[in-house]
Amino acid sequence: MKNITYKILIFSLLSFMSFTVYGQDKARMEPVFGVEWGGATTILERYHRNFMAEAGYRVDEKGSVMSLKTTGSLTAKAGIRFNDHYTATVNTGIMGVRQQRSAVPITARFSYSFKNYEQNGLMCFLEAGAIYPNRYYANFITESGLGYRIGLSHRFSLDFMLTFRVCADERKITDPDTGADVDIWNIKKNNSTFFATGYKIAINF
């Protein structure tokens, strides 16, 4: 059910962006593609795990863990830019959620350039979507950023961005007595939310 919800959310966001674009009678619309890479450092993990142990008692664990673990990402994007300032893209690639956990994000991003594409200037973005694969639950990612765009030509530009990311994921739960994986039917809640800051460098064309 959650998978369907996230797909509807992303589809609705893209539909709204498309409607906005085509509503601009005089807007200049062009396709845009890009590749970006970067790193992120997890600063906090909040978790809540509630499950039934094999011995018959319930375990409820929740709390926060401070962390300074760094992971990387590589992303490709495709979309449209319009009205000299706005860009809407669909992004996917591979990213590290945490140490020893990589995932494929599928997100929709909306970016705004304070100057036009061909000029150097500040830019910002907001992004949301889901990550795959998942074991039991649909997991989401949201990210925002502020950066500086260097216009190389009408088509090409470089973005240097600082980002803040919130990513919900799940961890493998093991029985405290046997050490075996807890069956999904015995898990009531398995949420971990990671808060991370990072940087990205993008080539747009």
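Scroll up for the structure.
No experiment lies behind these values; they were computed from the predicted model shown.

**Q** Can you walk me through unusual backbone geometry in this structure?
**A** With an omega dihedral of 0°, the bond running from Y132 to P133 counts as a cis peptide bond. With respect to the secondary-structure elements, P133 resides in the loop between β5 (121–132) and β6 (139–151). For D84, which is not a glycine, the phi torsion comes out positive at approximately 70°. The backbone of Q100 shows a phi angle near 65°, a positive value even though the residue is not glycine. We classify Q100 as exposed; its relative accessible area is 86%.

**Q** Got a minute to help me understand the sheet that holds strand β1 (residues 29–52) in this structure?
**A** In any sheet, the strands associate via hydrogen bonds between backbone groups, in a parallel or an antiparallel arrangement. Read around the barrel, eight strands follow the order β1-β2-β3-β4-β5-β6-β7-β8 and close on themselves; strand pairing throughout is antiparallel. Geometrically, the sheet is characterised by an average inter-axis angle of 20° between neighbouring strands, direction not taken into account. When β1 meets strand β8 (residues 187–204), the two strands line up antiparallel, connected through 17 bridges. Counted as the bridge partner of E45 is F194 from β8.

**Q** How do you make sense of the pattern of salt bridges when you look at a structure like this?
**A** A side chain with one charge may pair with a side chain of the opposite charge, provided their charged atoms come close. For the coordinates displayed, the defined rule picks out eleven salt bridges. With its nearest N and O atoms 2.7 Å apart, the salt bridge here joins R149 to D159. With a gap of ten residues between them, R149 in strand β6 and D159 in strand β7 (residues 157–169) connect regions that are remote in the sequence. A relative accessible area of 8% means that R149 is categorised as buried. Via salt bridges that share partners, E36, K77, R109, E127, E143 and K200 belong to a single interconnected network.

**Q** So what exactly am I meant to see when it comes to the pairing of β6 here?
**A** Looking along a regular strand, one sees side chains alternate from face to face of the sheet. Only one face of β6 is buried, namely the one carrying N139, I141, E143, G145, G147, R149 and G151, since none of F140, T142, S144, L146, Y148 and I150 on the opposite face is buried. Across eleven bridges, β5 lies against β6 in antiparallel orientation. Counted as the bridge partner of L126 is S144 from β6. Here β6 runs beside β7; their pairing, made up of eleven bridges, is antiparallel. Residue G147 lies in a different strand from β7, and its bridge partner there is M161. Counting the residues in the hairpin turn of β6 and β7 gives five residues.

Conventions and cut-offs
Residues numbered from 1 in each chain as written. Predicted model: local features only at pLDDT ≥ 70, side-chain atom pairs only at ≥ 80, totals over all residues. Heavy atoms only, no water. Helix = DSSP H or I, 4+ residues; strand = E, 2+ residues; numbered from the N terminus. Buried < 20%, exposed > 50% of the residue type's maximum accessible area, 1.4 Å probe, protein only. Pairing = 2+ DSSP bridges. Axes fitted to C-alpha atoms, helices over the stretch in contact; angles between N-to-C directions. Salt bridge = Lys/Arg side-chain N within 4 Å of Asp/Glu carboxyl O.

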